[in-house]
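# An overview of the molecular structure
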Amino acid sequence: MSKKKKITTSTGVEVRHKPLGLRIWNNRGYYIMFLPVFIFILIMYYWPMLGIRYAFYDYKPVGAPTFVGLKHFYSMFKTDAFWSAFRNTLELSIMKLLITTFTAVIVSIFLNEMGNLFAKKTLQTIIYLPHFMSWAVVASIFSLFLSPSSTGLVNGLLRDWGILAPDAKGIYFLASTAWWRPIFYIINIWKETGWGTIIFLATLAGINPELYEAADIDGATRMQKMRFVTLPALSNTIITVLILNLAKVMNMFESVFVLYNNAVYSVSDVISTYIYRQTFAIALPNYGYSTAVGLFKSLVGCVLVLICNWASKKTRGRGIV
């Protein structure tokens, strides 16, 4: 007979458990079902991590890899373009997160205040739609709208309103260091606000109606009810959304890649696009250097996840990992 392991709980009660091997054998059907998923995860997520070692090698398309230790990290930290991309990543990601979250909260509150159910559902559908468009399509649409040529809608309106002279050269918004970031934030608001309202509308739907009834009895106006009932009820959700999304600030790529160009690298280049250029946009790339940059990006992302996990435990009582 197999021996059962005794475990004493905090209450002093002894619980007998079967050996691990026997428990696995008894539930072998579940493990067999899980095996393909486990193999897939190992191959797709963990096997590629072995490539991290090339961060310590000179690895080029020609010739054998040569071990160079921390050379690429020293080179990376002394490169102005890398630090510019690092700053841009943090600035663009955090500002985009704050702006889109704030906009989603405002839109959610106004949608919640709408009395006409048909108009509310119609408006919700309209603002959801941009989220399902690919960034390539979004970039094409806004490139046409913002074109400096006579066919550009925005420049055409500026000429019609007298802001630009009829024969003046149009503003190339996406190639201007002064305009690129505001345009980038506006595009993100247009694309992601609708999707961001889902979680806030769900929170608003869960607010106890008795709170609004009590506010009506006290003579509160609609704005006062929004200020003293709705916003406090949303505060915990807002903090949670900010914390959970803060862990992803280093992952920005596609939204920047389809909109930027070499004229605005100083304000738009991020870590991911910097790695892309170092890997695919030069004649003889050093894969070791781009791997080192990618490894640094992953380490910073890991630190942010741990910080967010700590903050989540403090605010929500439970972590995110």
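Check the entry above for the structure.
Residues numbered from 1 in each chain as written. Predicted model: local features only at pLDDT ≥ 70, side-chain atom pairs only at ≥ 80, totals over all residues. Heavy atoms only, no water.

Take the overall build of the protein chain next. Helices and strands together make up the secondary structure of the protein chain, namely 14 helices and 4 strands. A globule of 321 residues ought to have a C-alpha radius of gyration of about 20 Å, yet the protein chain, at 27 Å, is considerably larger. For the C-alpha atoms alone, the extent of the protein chain along its principal axes is close to 95 × 80 × 35 Å. Counting every position in the protein chain, which comprises 321 residues, the buried fraction comes to 34%. When the accessible surface of the protein chain is totalled, it reaches about 20,000 Å², and 67% of it is carbon and sulfur. (Helix = DSSP H or I, 4+ residues; strand = E, 2+ residues; numbered from the N terminus. Rg over C-alpha atoms; globule rule 2.2 N^0.38 Å. Buried < 20%, exposed > 50% of the residue type's maximum accessible area, 1.4 Å probe, protein only. Areas by Shrake-Rupley, 256 points an atom, 1.4 Å probe, with all protein chains shown as cover.)

Below, the discussion takes up the nonpolar core. The tendency in soluble globular proteins is for nonpolar side chains to be buried as a group. Counting residues in each nonpolar core, the largest one holds 22 residues, and the members touching the most others are Leu92, Trp180, Phe184, Ile187, Val256 and Leu259. Mapped onto this core, the elements with two or more residues apiece are helix H6 (135-145) and helix H8 (180-205). Counting residues per element, this core draws most heavily on H8, which supplies 5 residues. Among all residues touching Trp180, those that are not within four sequence positions of it are Leu92, Phe173, Leu174, Val256, Leu259, Tyr260, Val264, Val267 and Ser268. In terms of nonpolar packing, the next biggest core, distinct from the first, is built from 18 residues, Met76, Phe82, Met250 and Ile271 among them. (Core = buried A, V, L, I, M, F, W, Y, C linked by side-chain atoms within 4.5 Å. Contact = heavy atoms within 4.5 Å.)

Once that is clear, we can look at the environment of Ser235. With respect to the helices and strands, the residue Ser235 is situated in helix H10 (residues 222-246). It is 9.9 Å that separates the C-alpha atoms of Ser235 and Val105, two residues lying 130 residues apart in sequence.

In the contact formed by helix H5 (residues 117-128) and H8, the axes pass within 7 Å of each other and the chain directions differ by 130 degrees. Between H5 and H8, the crossing angle belongs to the class labelled oblique. Counted together, Gln124, Ile127 and Tyr128 of H5 and Gly194, Trp195, Thr197, Ile198 and Leu201 of H8 form the full contact between these two elements. Taken together, the residues that form the contact of H5 with H8 break down as 5 nonpolar, 3 polar and no charged. (Axes fitted to C-alpha atoms, helices over the stretch in contact; angles between N-to-C directions. Parallel < 35°, antiparallel > 145°, perpendicular 65-115°, else oblique. Nonpolar A, V, L, I, M, F, W, Y, C, P; charged D, E, K, R; others polar.)

Taken as a whole, the largest pocket spans an internal volume of roughly 810 Å³. No other element matches the 8 residues that H8 contributes to the lining of the largest pocket. Residues belonging to the lining of the largest pocket are distributed by class as follows: 12 nonpolar, 10 polar and 4 charged. Taken as a whole, the second largest pocket holds about 190 Å³ of empty space. (1 Å grid on protein atoms, 1.4 Å probe; cavity = no way out; pocket = protein on both sides within 12 Å on 5 of 7 lines; lining within 4 Å. Points joined across faces, edges and corners; volume = space filled by probe spheres on them.)

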